[in-house]
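Observations on the three-dimensional arrangement
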Amino acid sequence: MDIKQLRVFMQVAEVGSLAGAARLTDLSQPSLGRLIRQLETELKVSLFRRTGRGVVLTEAGVLVQRHARTLLDEATALEQALTVQSESIIGSLAFGLPPSIGVRLTGKLVESYRRAYPKVHLSIFETLSGDLQERLLDGSLDIAILYSSSLSASLATTSLGSEDLHLICRRDHPEALEASISFQEVLQLPLILPGRRHGLRALLEQTAFKEDLAFKTDLEVDSLRVQLDLVGRGLGYTILPSQTLLASHVDGLVAVPIVAPVPRRQCVLAWSRDRALSPAAGVMRALVMGLFEQT
């Protein structure tokens with residue numbers, strides 16, 4: 001039983017006709033009738049009795065009408081309260097995230113936030129995690145998604161979960177045929193990676209150090225788009241989460257799992273400990289956490 005079914009039921013009860021109720025709603029008569037039948041099935045009662053002039057409520061229908069009116073009044077009050085809350089959140093919010101997450105999250109996130117909180121002036125920054133951390137510390141960002149490697153103690157964080165990193169290569173390269181590739185083998189390939197201020201680069205260097213392996217790159221490229229373009233041209237390989245490759249919609253590239261060890265990065269939502277989260281930042285935090293739980 002849902003609110004739409006109850007509203008349709010109340011409309012039919014008041015008008016006394018399926019056809020008449022259909023004219024007052026944006027539903028066709030078959031669709032309206034289907035919602036009534038679904039409600040009757042869920043409640044296991046007949047709500048209407050047909051007459052020559054239309055329909056009238058059964059005894060069970062009268063009982064449902066009495067309670068439905070209360071439920072709908074409460075639902076309307078809740079909708080109005082949420083609207084007031086949404087409209088009361090105003091001001092501005094500067095939010096940042098790395099490109100490898102932004103490529104799959106920014107559009108959905110901004111759309112949801114703007115729909116719910118239209119009075120907030122939203123500024124979005126997609127840049128390297130090192131830049132994001134500096135912006136959080138100097139106050140030019142309110143809240144940002146970062147990777148947990150090399151985080152400043154001046155930042156408060158909430159965990160968003162982890163993601164495994166994959167080798168990204170052309171479909172026609174021999175590595176693409178493998179079920180997985182070891183981290184040691186990956187480091188022997190010509191790698192196209194971001195600079196040292198990027199969290200992904202720091203994680204890979206730390207992993208290589210722990211495994212006592214030499215680490216080098218052939219090309220340093222901070223732009224995600226350029227990294228993937230160069231890999232597509234056969235100039236090397238890069239390392240990213242498989243979801244980032246899927247969200248980038250680049251043809252001809254595949255993601256191969258890295259093992260022994262699996263490089264895994266922790267994503268966090270971060271803000272300065274010196275500044276309390278504003279209401280606008282607080283609802284952004286809740287929205288980001290909800291979206292991460294869905295992925």
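Right above here is the structure, for reference.
Residues numbered from 1 in each chain as written. Predicted model: local features only at pLDDT ≥ 70, side-chain atom pairs only at ≥ 80, totals over all residues. Heavy atoms only, no water.

1. Some remarks on the side chain of Thr238
Mapped onto the elements of the fold, Thr238 is located in strand S10 (residues 238-241). There is a polar contact of 2.7 Å between the side chain of Thr238 and the backbone oxygen of Ile192. Setting aside anything within four residues of it in sequence, one finds Thr238 in contact with His166, Leu167, Ile168, Ile192, Leu193, Gln227, Leu228 and Val231. (Helix = DSSP H or I, 4+ residues; strand = E, 2+ residues; numbered from the N terminus. Polar contact = N/O pair within 3.5 Å; in protein donor to acceptor, adjacent residues only side chain to side chain. Contact = heavy atoms within 4.5 Å.)

2. Notes on the pattern of salt bridges
Taken as a whole, this structure holds 10 salt bridges when the rule is applied. Here Asp164 and Arg264 are joined by a salt bridge, their closest N and O atoms 2.6 Å apart. Highlighted residues: Asp164 in strand S6 (residues 155-170) and Arg264 in strand S12 (residues 264-272), separated in sequence by 100 residues. According to the relative accessible area criterion, Asp164 is partly exposed, its value standing at 30%. Between Asp229 and Arg233 there is a salt bridge, and its shortest N-O distance comes to 2.9 Å. Residue classification places Asp229 among the partly exposed positions, given a relative accessible area of 33%. A network of salt bridges, in which partner residues are shared, links Arg196, Arg201, Glu205 and Glu220. (Salt bridge = Lys/Arg side-chain N within 4 Å of Asp/Glu carboxyl O. Buried < 20%, exposed > 50% of the residue type's maximum accessible area, 1.4 Å probe, protein only.)

3. As for the side chain of Ser129
By secondary structure assignment, the location of Ser129 is in helix H6 (residues 129-138). The residues contacting Ser129, other than those within four sequence positions of it, are Leu146, Tyr147, Arg197, His198 and Gly199.

Purely geometric numbers; function is a separate question.
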